[in-house]
Amino acid sequence: MTVTDPAILKLTVNNHPGVLSHVAGLFARRAYNLEGVMVRPVPGGPPHLSRMWLLVNEEDRLQQLIRQTEKLVDVISVEQHPMKGSVFESTQQYFT
Amino acid sequence: MNDTDTLAAPPDHKESIAPSASDNGVSEVQSRELSGAQLLIEMLERQGICHIAGVPGGANLPIYDALSGSSIKHVLARHEQGAGFIAQGMARVTGEAQVCFASSGPGATNLVTAVADAMLDSIPLVAITGQVPQAMIGTDAFQEIDTFGLMLPITKHNWLVHSARELMEVIPRAFELALSGRPGPVSIDIPKDVQNELIQVDVLPQPGGRLPDPPVLDAEVDALLARISAAKQPVLMIGGGIVYSGATQELREFAEQLDVPAVQTFMGLGVLPADHRLSLGMLGMHGAPFTNLVLEECDLLVGLGVRFDDRATGKVAAFCPQAEIVHVDIDHSEIGKVFKPVLSITADVGEVLRMAVERLQPATRPQWQSVVQGLKRDHPLQLDGHNDLFRPYGAIKAVASLLDERANVTTDVGQHQMWVAQAYPMVRPRQWISSGGLGTMGFGLPAAIGMALAQPDRKCICFSGDGSLMMNIQEFATAAEHNLDLKVIILNNNHLGLVRQQQTLFYRKNLSAVEFEQRTNFPMAAAAMGVKGVDLSECEDPHDALRQALSEHGPCLINIPISETEMVFPMVAPGGANKDMITGAPA
């Protein structure tokens, strides 16, 4: 697994109320640096899933961060994704 | 917490049962109208729950209404934190998931400590709280608090339930999660309107249980065995994972066949009896000198169901300086959290050991064992005053000598806890329960109540201190109400002893806020709540009084005064290296 700086994680999560709290709560209590979040329901897919994109600045603890995130019950999968083609690349202009 | 508002009670359960069989005699699935609360209680019965500890209040009235006709026995705690620890006590000695109830607001906040404690020690606890009706959520209603938000960081998972039907999914799933993989607490917040909501129920879901663990590959086990056979001076580090996995027998066989000595974590005590030839006792901050010194020599440390807690490892960079680390744990996120192992297996440690015992080649290590024996002989654990009933080790040894191995033992938190961990001869898993990770003063008495409820045929012993006992002393009334065979032995120095010790050792003997200026008469306090109190310092024959107090049935408080100058030794300074043990008081 290559580590980018900052890393971009692409999560598939259950579209439940509270799932964002579980993810954000994990990052807060383990003091992981979270620099961006984007989450929307998965269109055309199963109605109960959402895609969550996270921009994290945790080079040294990235593997630990991913394993902790994978443990969350409402998180179905966690993948690393390059900046290119990510939601954060195409939305830079909105965060100036 | 006992606010009552006036929502109509749900209709009587029995009246709402629909006809059960069709004319042709083939039984059909019954369709019944149940309230959310009735549904909850039925599902808890189907989970095999026998006792629930809790406190009723305004927002869980429907649940208590449904509970009154149930086979489940309710244990009315005097404080929700007591309820949480009673449930924990039951869970810790049985390994089964247990339930506690609280109402909204202060009921839920009072539960928080017991839930957090369960999280740190991986205890399967299902905390069920009432919540204000959904229409009032977010309005700062009476006794409204964000229980979902409070429980979120201290549970494996938690829910705010939005409909009675959702309970059919959430309840079995809650038990499944509490018991599966690495066990832990879950919490379920149920708004009052959901408890009262009537729904048609055809078939109840199957109870939730532990899910199968991921398979272990032969190659992984062989790699583990190869590492051990290549090592010259290996040591096993065994922890709570062995207890929770029910793998004590396999562990003993594994260690014996490979002739590898083992250190135990605080949570792993009892897996190897203290007098087992391969037992090196407890490692870490208050470990025996030889235990920590053997780890200085070892060249391979095999962590089995451990999380490398800082109280065990001391300064991480100085832990096992010559050793490579192998780590077996069911929680993938524990692998690599503290140490980078040369080999790891993410799996149930019991399954790994079962396979290993079948695949291993027995070995002997006379040279390494003689090094270990030498360290044991030259650097033993000093149990100062072990023959004196009014000194810590002497009190613990006297109690142990009057009991057999069937007795369960718990503690509160502080010096007495460490003295017990060092000196009580724990010989079987789940004989010993104590708040390890969170270190919660006030754990002991309610946990002992839970042990005694779950295993009424065993003596349940709680060693406590005068500081800890005061933090949940109200539960003596609960113990008396159920006439439980539990004995609270209080090593009473009228101080916060472990804080006093740290101030003495690390803060220039500047004793700050550690003495109780108002001394509590504990036997009298116990008697006020219906529990017999004995003060051994006032008995003509204290040994005989102790024998009698322990042998008769029923709850009893046994006060043993000790000096506030007693300390737990050895001690590694917090953040220090385990080899740098303080073994005596400063001049």
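Given the structure is predicted, the values throughout are model-derived calculations rather than measurements.

Asks: Before we go on, may I ask you to explain the overall build of chain A in this structure?
Replies: Along the backbone of chain A there are three helices and four strands. From first element to last, N terminus to C terminus, chain A shows the α and β order β-α-β-β-α-β-α. Judged by the C-alpha coordinates and their principal axes, chain A covers about 35 × 30 × 25 Å. For chain A, buried positions account for 44% of its 96 residues. Sequence separation of at least 24 residues holds for 73% of the intrachain contacts in chain A that already meet a minimum separation of 6. Taken as a whole, chain A presents about 5,400 Å² of accessible surface, with 52% of it coming from carbon and sulfur. With 9 positive and 9 negative side-chain charges, chain A shows a spacing of 7 Å between the two charge centroids.

Asks: Help me out: how do you make sense of the sheet that holds strand S3 (residues 49-56) of chain A in this one?
Replies: Residues and elements named next belong to chain A. Pairing within the open sheet is antiparallel, and its four strands lie in the order S2-S3-S1-S4. For this open sheet the edge positions go to strand S2 (34-41) and strand S4 (75-81), each flanked by a neighbour on one side alone. Sheet twist, expressed as the average angle between the axes of neighbouring strands with direction ignored, equals 20°. Strand direction decides the pairing type here: S2 and S3, joined by seven bridges, are antiparallel. Each bridged residue has a counterpart across the sheet, and for valine 39 the counterpart in S3 is methionine 52.

Asks: What's the story with the pattern of salt bridges in this structure? I'm lost.
Replies: It is possible for side chains of opposite charge to pair when their charged atoms get near one another. Counted under the stated rule, the structure contains 28 salt bridges over all chains. With a shortest N-O distance of 2.5 Å, arginine 78 of chain B and glutamate 481 of chain B are connected by a salt bridge. Here arginine 78 of chain B is found in the loop between strand S3 (73-76) and helix H3 (80-94), whereas its partner glutamate 481 of chain B is found in helix H19 (residues 476-481), with 403 residues between them in sequence. By relative accessible area, arginine 78 of chain B is classed as partly exposed at 34%. With a relative accessible area of 45%, glutamate 481 of chain B lands in the partly exposed category. For arginine 227 of chain B, the salt bridge is made with glutamate 324 of chain B, and the minimal N-O distance between the two is 3.2 Å. You can see arginine 227 of chain B sitting in helix H8 (residues 218-230) and its partner glutamate 324 of chain B sitting in strand S13 (residues 324-329), a full 97 residues away along the chain. In the salt-bridge network here, residues are joined through shared partners; they are Lys71 of chain A together with Arg182, Asp331, Glu334 and Lys337 of chain B.

Asks: Would you take a moment to explain the nonpolar core for this structure?
Replies: Generally speaking, a soluble globular protein has its nonpolar side chains buried in company with each other. Ile449, Leu469, Phe476, Leu486, Val488 and Leu557 of chain B are the most contacted members of the largest nonpolar core, which has 47 residues in total. The two domains that each donate at least three residues to this core are domain 1 (14-201) and domain 3 (392-571) of chain B. With residues near it in sequence (within four places) discarded, phenylalanine 476 of chain B still touches Leu445, Leu469, Val488, Ala526, Met529, Val531 and Leu557 of chain B. Among the nonpolar cores identified, the runner-up in size contains 39 residues, and Val73 of chain A together with Ile63, Val194 and Val201 of chain B belong to it.

Asks: It is not clear to me how the packing of aromatic side chains should be interpreted in this structure. Could you clarify?
Replies: Residue and element names in this part refer to chain B. Scanning the entire structure with this criterion turns up seven aromatic pairs over all chains. Between phenylalanine 308 and phenylalanine 339 the ring centres are 5.1 Å apart and the planes differ by 80°, which places this aromatic pair in the edge-to-face class. Taken together, the positions of phenylalanine 308 in the loop between strand S12 (300-304) and helix H12 (310-313) and phenylalanine 339 in the loop between S13 and strand S14 (343-346) put the pair 31 residues apart, joining distant regions of the chain. Here phenylalanine 308 matches phenylalanine 339 in class, with each residue buried.

Asks: Got a minute to help me understand the domain arrangement of chain B in this structure?
Replies: The extent of an interface is frequently quoted as the accessible surface area lost upon association of the parts. All names here are of chain B. When the domains of chain B are assigned, the result is domain 1 (14-201), domain 2 (218-378) and domain 3 (392-571). At the junction of the two partners, domain 1 supplies seven residues and domain 2 supplies six residues. In this structure, the connection of domain 1 to domain 2 is made through two salt bridges. One salt bridge in this structure joins glutamate 334 and arginine 182, with 2.8 Å as the shortest N-O distance. Viewed at the interface, domain 2 and domain 1 are joined by three residue pairs in polar contact (both at pLDDT 80 or more). Classifying every residue of the side of domain 1 that touches domain 2 gives two nonpolar, two polar and three charged.

Asks: So what exactly am I meant to see when it comes to the interface of chain A and chain B here?
Replies: Contacts between chain A and chain B engage 13 residues on the former and 16 residues on the latter. Carbon and sulfur atoms supply 57% of the area that chain A and chain B bury against each other, a total of about 1,200 Å² over both sides. Its largest share of buried area at the contact with chain B, chain A owes to His22, Arg67 and Val73 of chain A, together 47% of the area lost on that side. The tally of links from chain A across to chain B stands at one salt bridge. Here lysine 71 of chain A ties to aspartate 331 of chain B by a salt bridge, and the two come within 2.7 Å at their closest N and O atoms. At the junction of chain A with chain B, the criterion picks out seven residue pairs in polar contact (both at pLDDT 80 or more). Top contributing element to the side of chain A that touches chain B by residue count: helix H2 (residues 62-71) of chain A, with five residues.

Asks: Mind showing me how you'd approach helix H1 (residues 36-46) of chain B here?
Replies: Side chains of residues three or four places apart in an α-helix project in the same direction, reflecting 3.6 residues per turn. Residues and elements named next belong to chain B. A large share of H1 lies buried, amounting to nine of its 11 residues. If you check which residues of H1 are buried, you get Gly36, Ala37, Gln38, Leu39, Leu40, Ile41, Glu42, Met43 and Leu44. Looking one or two places after H1, you find glycine 48, whose phi comes out positive at around 85°.

Asks: I keep staring at the packing of H3 of chain B against helix H4 (residues 106-120) of chain B and nothing clicks. Help me out?
Replies: Two numbers describe a pair of packed helices, the interaxial angle and the distance between the axes. All names here are of chain B. Two elements in contact, H3 and H4, have axes separated by 7 Å at closest approach and are oriented at 30°. Considering their axes alone, H3 and H4 lie roughly parallel with respect to each other. As H3 packs across H4, the resulting crossing turns out to be right-handed. In this structure, H3 contributes Glu80, Gln81, Gly84, Phe85, Gln88 and Arg92 to the contact, and H4 contributes Gly107, Asn110, Leu111, Thr113, Ala114, Asp117 and Ala118. Among the residues making up the contact of H3 with H4, the classes are represented as four nonpolar, six polar and three charged.

Asks: Would you explain empty space enclosed by the protein in this entry?
Replies: Residues and elements named next belong to chain B. With the rule as written, the count across this model stands at two cavities of 30 Å³ or more. Space inside the largest cavity adds up to approximately 120 Å³. Among the secondary structure elements, those contributing two or more residues to the lining of the largest cavity are helix H9 (240-245) and strand S16 (432-433). Of the residues in the lining of the largest cavity, the class split is seven nonpolar, one polar and two charged.

Asks: Where do I start with helix H16 (residues 415-423) of chain B in this structure?
Replies: Among the nine residues that make up H16 of chain B, nine are buried, leaving the element largely enclosed by the rest of the structure. Taken together, the buried positions of H16 of chain B are Gln415, His416, Gln417, Met418, Trp419, Val420, Ala421, Gln422 and Ala423 of chain B.

Asks: Explanation requested: the environment of arginine 210 of chain B in the structure shown.
Replies: Residue and element names in this part refer to chain B. Topologically, arginine 210 is positioned in the loop between strand S8 (198-201) and H8. By relative accessible area, which is 37% here, arginine 210 ends up partly exposed. Arginine 210 has contacts with Leu179, Ser180, Gly181, Ile330 and Asp348, leaving out every residue within four places of it along the chain. Within the structure, arginine 210 has its side chain in polar contact with the backbone oxygen of leucine 179 (distance 2.8 Å). Polar side-chain contacts of arginine 210 include one of 2.8 Å to the side chain of aspartate 213.

Parameters at a glance
- Residues numbered from 1 in each chain as written.
- Chains lettered and ligands numbered in written order.
- Predicted model: local features only at pLDDT ≥ 70, side-chain atom pairs only at ≥ 80, totals over all residues.
- Heavy atoms only, no water.
- Helix = DSSP H or I, 4+ residues; strand = E, 2+ residues; numbered from the N terminus.
- Buried < 20%, exposed > 50% of the residue type's maximum accessible area, 1.4 Å probe, protein only.
- Contact = heavy atoms within 4.5 Å.
- Areas by Shrake-Rupley, 256 points an atom, 1.4 Å probe, with all protein chains shown as cover.
- Lys, Arg positive; Asp, Glu negative; His and termini not counted.
- Charge placed at Lys NZ, Arg CZ, Asp CG, Glu CD.
- Pairing = 2+ DSSP bridges.
- Axes fitted to C-alpha atoms, helices over the stretch in contact; angles between N-to-C directions.
- Salt bridge = Lys/Arg side-chain N within 4 Å of Asp/Glu carboxyl O.
- Core = buried A, V, L, I, M, F, W, Y, C linked by side-chain atoms within 4.5 Å.
- Domains from an automatic or database assignment.
- Phe/Tyr/Trp six-rings, centres within 6.5 Å; stacked < 30°, edge-to-face > 60°.
- Polar contact = N/O pair within 3.5 Å; in protein donor to acceptor, adjacent residues only side chain to side chain.
- Nonpolar A, V, L, I, M, F, W, Y, C, P; charged D, E, K, R; others polar.
- Buried area = accessible area lost by both parts, 1.4 Å probe.
- Parallel < 35°, antiparallel > 145°, perpendicular 65-115°, else oblique.
- Left-handed = near helix turned anticlockwise from the far one by under 90°.
- 1 Å grid on protein atoms, 1.4 Å probe; cavity = no way out; pocket = protein on both sides within 12 Å on 5 of 7 lines; lining within 4 Å.
- Points joined across faces, edges and corners; volume = space filled by probe spheres on them.

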